[in-house]
Amino acid sequence: MLAMRPDCERCGVDLPADAPGAFICSFECTYCASCAEALDDRCPNCGGELMDRPTRTGKALADHPAAQERRHRS
């Protein structure tokens, strides 16, 4: 199950689990659309391809909430 990280690792913008606009690599590094584009859809951590993260809504989100630990480092 995806961790659904709550923020962009590069700029810190919020990325709610129930909203589109988040991109992840196979290690679940998470970036907003603007940062993914600036990174040419390549993860700076592992070099993997950044793909659209699926959303999680309704009962699935209630039963399996998104992670709360923020990953952005200023």
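Residues numbered from 1 in each chain as written. Predicted model: local features only at pLDDT ≥ 70, side-chain atom pairs only at ≥ 80, totals over all residues. Heavy atoms only, no water.

(A) Up close: the side chain of Arg5. Relative to the assigned elements, Arg5 resides in the segment before strand S1 (22-24). Looking at Arg5, the relative accessible area reads 12%, which means it is buried. Among the polar contacts listed, one links the side chain of Arg5 to the backbone oxygen of Glu28, at a separation of 2.9 Å. Apart from residues no more than four positions distant in its own chain, Arg5 is found in contact with Leu15, Phe27, Glu28, Cys29, Thr30, Arg53, Ala67 and Arg71. (Helix = DSSP H or I, 4+ residues; strand = E, 2+ residues; numbered from the N terminus. Buried < 20%, exposed > 50% of the residue type's maximum accessible area, 1.4 Å probe, protein only. Polar contact = N/O pair within 3.5 Å; in protein donor to acceptor, adjacent residues only side chain to side chain. Contact = heavy atoms within 4.5 Å.)

(B) Region of the structure containing empty space enclosed by the protein. Throughout the structure, instances matching the rule amount to 1 cavity of 30 Å³ or more. Of the pockets and cavities examined, the largest cavity occupies roughly 30 Å³. What lines the largest cavity is simply Leu2, Ala3, Met4, Arg5, Ile24, Glu28, Thr30 and Arg53. Grouping the amino acids of the lining of the largest cavity by side-chain chemistry returns 4 nonpolar, 1 polar and 3 charged. (1 Å grid on protein atoms, 1.4 Å probe; cavity = no way out; pocket = protein on both sides within 12 Å on 5 of 7 lines; lining within 4 Å. Points joined across faces, edges and corners; volume = space filled by probe spheres on them. Nonpolar A, V, L, I, M, F, W, Y, C, P; charged D, E, K, R; others polar.)

(C) Up close: the sheet that holds S1. Read from one edge of the open sheet, 3 strands run S2-S1-S3, paired in antiparallel fashion. If you trace the sheet from one side to the other, it starts and ends with strand S2 (30-32) and strand S3 (51-52), each paired once. (Pairing = 2+ DSSP bridges.)

(D) Inspection of the environment of Val13 at higher detail. For Val13, the position within the fold is in the segment before S1. Not counting residues up to four positions away in its chain, the partners in contact with Val13 are Pro6, Asp7, Cys8, Cys32 and Arg70.

(E) Structural detail: the nonpolar core. Ranked by size, the top nonpolar core spans 13 residues in total, and within it Cys8, Tyr31, Cys43 and Leu50 carry the most contacts. Elements with a minimum of two residues in this core: S1, S2 and helix H1 (33-38). (Core = buried A, V, L, I, M, F, W, Y, C linked by side-chain atoms within 4.5 Å.)

Interpretation note: all reported values are geometric properties and have no functional meaning in isolation.
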